[in-house]
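# Structure assessment
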Amino acid sequence: MSDQAKDKFTYAHSKFCVGEAGKTGSWRTQRPQIDHAKCTPSKNQRPSCFICWLYCPEAVVSRTIPVQIDYDYCKGCGVCAEECPVGAVKMLDEKEAP
Ligand code: SF4
Ligand code: SF4
């Protein structure tokens, strides 16, 4: 087995790797919430946009309809909310999140 195959996190900067920061549910202070009424793929029922998927540094956003976020590994950085061109992502305080 090669060294690369032994440690999937070692090469995280050159290859997408889900959960580089480990499980974040216990330390995340904010979480993104997608308003699917505003989110372009859900609104148009077509695979388009996915800018949040492209920019998420943890690779935890799906390229599906509807777009989904894996909260086990999302670190709450807010990049998706910042980059969403239609303002469909809101950051909620973790304590207020449903
Ligand atoms: S960037 Fe915004 S509109 Fe585009 S897929 Fe993501 S949440 Fe939806
Ligand atoms: S807040 Fe958004 S960009 Fe940041 S890790 Fe979570 S889903 Fe990805």
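Analysis parameters
- Residues numbered from 1 in each chain as written.
- Chains lettered and ligands numbered in written order.
- Predicted model: local features only at pLDDT ≥ 70, side-chain atom pairs only at ≥ 80, totals over all residues.
- Near = placed C-beta within 6 Å.
- Helix = DSSP H or I, 4+ residues; strand = E, 2+ residues; numbered from the N terminus.
- Nonpolar A, V, L, I, M, F, W, Y, C, P; charged D, E, K, R; others polar.
- Buried ≥ 20, exposed ≤ 12 C-beta atoms within 10 Å, placed from the backbone.
- pLDDT = per-residue confidence, 0-100.
- Core = buried A, V, L, I, M, F, W, Y, C linked by C-beta atoms within 7 Å.
- Contact = placed C-beta atoms within 7 Å.

Take the site of ligand 1 next. Neighbouring ligand 1 are 13 residues; Cys-39, Cys-49, Ile-51, Cys-52 and Cys-84 lie closest to it. Residue assignment for the shell around ligand 1 shows that the elements contributing at least two residues are helix 2 (40-44) and helix 3 (51-55). Grouping the constituent residues of the shell around ligand 1 by class yields twelve nonpolar, one polar and no charged.

Taken together, 13 residues sit near ligand 2, with Cys-56, Cys-74, Cys-77, Val-79 and Cys-80 positioned nearest. In terms of residue class, the shell around ligand 2 is built from nine nonpolar, two polar and two charged.

Before going further, it helps to examine unusual backbone geometry. The omega torsion of the bond from Ile-65 to Pro-66 falls at 0°, within 30 degrees of zero and hence cis. With respect to the secondary-structure elements, Pro-66 resides in the loop between helix 3 and helix 4 (79-83). Residue Cys-49 is not a glycine yet carries a positive backbone phi of 65°. Within the fold, Cys-49 resides in the loop between helix 2 and helix 3. With 20 C-beta atoms counted inside 10 Å, the residue Cys-49 sits in the buried group. Phi is positive for Ala-59, which is not a glycine, with a value near 55°. Inspection of the secondary structure assignment puts Ala-59 in the loop between helix 3 and helix 4.

Predicted coordinates in regions of low pLDDT should not be interpreted in detail. Across the protein chain, the average pLDDT comes to 85, with 76% of residues at or above 70. Put simply, helix 1 (residues 3-6) is where the protein chain has its lowest mean pLDDT, 52, and helix 4 is where it has its highest, 98.

Among the nonpolar cores identified, the biggest contains 13 residues, and Ile-34, Cys-52, Val-61, Cys-80 and Val-89 are the most heavily contacted of them. Excluding anything up to four places from it in sequence, Val-61 contacts Cys-52, Trp-53, Cys-56, Val-67, Ile-69 and Cys-80.

Turning to its location among the elements, Ala-81 is positioned in helix 4. Under the C-beta neighbour-count criterion, Ala-81 is labelled partly exposed, with 18 such atoms within 10 Å. Taking the C-alpha atoms as reference points, Ala-81 and Met-91, ten residues apart in sequence, are found 6.9 Å from one another. Setting aside chain neighbours within four positions, we find Ala-81 in contact with Pro-32, Val-89, Lys-90 and Met-91.

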